[in-house]
Amino acid sequence: IAAQPFLQDSRCFFVQPARAYADIERRRGESMYDLHKPVKHILLFLTGGVLYCLTELIWRGHTHLSMAALGGCCFLMIGRINEDCPSCVSLLSQMVLSALVVTAMEFAAGLVLNVWMGLEIWDYSDLPYNLLGQVCLLYMNLWFLLSLPAILLDDWLRWRWFDEQAPHYRLL
């Protein structure tokens, strides 16, 4: 009678080795997760910062170091939009939310860098539908279009570099 529970446990282990191995890996992953999280965020931040600066160099012909920090933050925020519930948010909704997030972050950065510190990194005062010369409707729409490759890249990097869930998309 005393051997019965042992046989059940060991039989379970040998009959379902993949499940037991998955549990061990999951537990190991939980302890390693805390170590990988900062590295993941740093790499995603640097990726976003470099791409933001490259986008500015292509579009305007110049950039500012502070734009790397802004771009890194924006890329992390774009990635956060669908991280908790990827199937809940459609791709189109992610694009709209990303454009709003980037515009809001550019507005906040513009107020600090351009208005408060007087660095005059950009000025959209001559463009229609601008808000205090820091953001405008034209660039918000461009961020909507640029958010698609940013979303796809973020999902791909998280899948390939950090073994997160493979990306799945719903258009609407």
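Small disclaimer: the values here were computed from a predicted structure and weren't measured.

**Structural notes on the overall build of the protein**
Here comes step 1: Along the backbone of the protein there are five helices and two strands.
Here comes step 2: Each helix and strand of the protein, placed in order from N terminus to C terminus, yields the pattern α-α-α-α-β-β-α.
Here comes step 3: Counting all 172 residues of the protein, 31% fall into the buried class.
Here comes step 4: If you take every contact in the protein between residues at least 6 apart in sequence, the share linking residues at least 24 apart comes to 59%.
Here comes step 5: Carbon and sulfur atoms form 69% of the exposed surface of the protein, whose accessible area is close to 11,300 Å².

**Some points on the confidence of the model for the protein**
Here comes step 1: For the protein, the mean per-residue pLDDT works out to 85, and 79% of the residues sit at or above 70.
Here comes step 2: Per-element mean pLDDT across the protein ranges from 45 in helix H1 (residues 3-15) up to 98 in strand E2 (residues 135-136).
Here comes step 3: Counting interchain partners and residues more than four positions distant, the pLDDT-below-50 stretch residues 2-22 has one contact.

**Things to note about the environment of Arg80**
Here comes step 1: Following the sequence through the fold, Arg80 ends up in helix H3 (residues 65-81).
Here comes step 2: Put simply, Arg80 and Ile151 are 71 residues apart on the chain and 9.9 Å apart in space, counted from C-alpha to C-alpha.

**Notes on unusual backbone geometry**
Here comes step 1: The backbone of Glu120 shows a phi angle near 50°, a positive value even though the residue is not glycine.
Here comes step 2: The topology assignment puts Glu120 in the loop between helix H4 (91-116) and strand E1 (130-131).
Here comes step 3: We classify Glu120 as exposed; its relative accessible area is 69%.
Here comes step 4: Within the chain, Tyr129 stands out as a residue other than glycine whose phi angle is a positive 55°.
Here comes step 5: As for its placement among the helices and strands, Tyr129 is situated in the loop between H4 and E1.

**Re helix H5 (residues 137-162)**
Here comes step 1: Given a rise of 1.5 Å per residue, 26 residues ought to cover 38 Å, and the 35 Å separating the end C-alpha atoms of H5 matches this to within 8%.
Here comes step 2: The sharpest bend along H5 reaches about 35° and sits at Leu146, with the proline Pro149 one to four residues further on.

Reading the values: rules and limits
- Numbers given for residues are sequential positions, taken from 1 along each chain in its written order.
- Selection of residues for local features in this predicted model requires a pLDDT of at least 70, selection of side-chain atom pairs for listing and counting requires 80 or more, and totals for whole chains, interfaces and linings are taken over all residues.
- Excluded from the side-chain calculations are hydrogens and water; all other atoms, namely the structure's heavy atoms, are used.
- Helix and strand assignments come from DSSP, with helices taken as H or I runs of at least 4 residues and strands as E runs of at least 2, each series counted from the N terminus.
- In this scheme, a residue with accessible area under 20% of its type's maximum is buried, one over 50% is exposed, and one in between is partly exposed, where area comes from a 1.4 Å probe on protein chains only.
- Contact between two residues is taken to exist if any of their heavy atoms lie within 4.5 Å; hydrogens are not considered.
- Note on areas: Shrake-Rupley, 1.4 Å probe, and residue coverage restricted to the protein chains presented here.
- The predictor's confidence in any single residue is recorded as pLDDT, a number from 0 to 100.
- Expected span of a helix: the number of residues minus one, times 1.5 Å.
- Note on bend: the value at a residue is the angle between axes fitted to the seven residues ending there and to the seven starting there.

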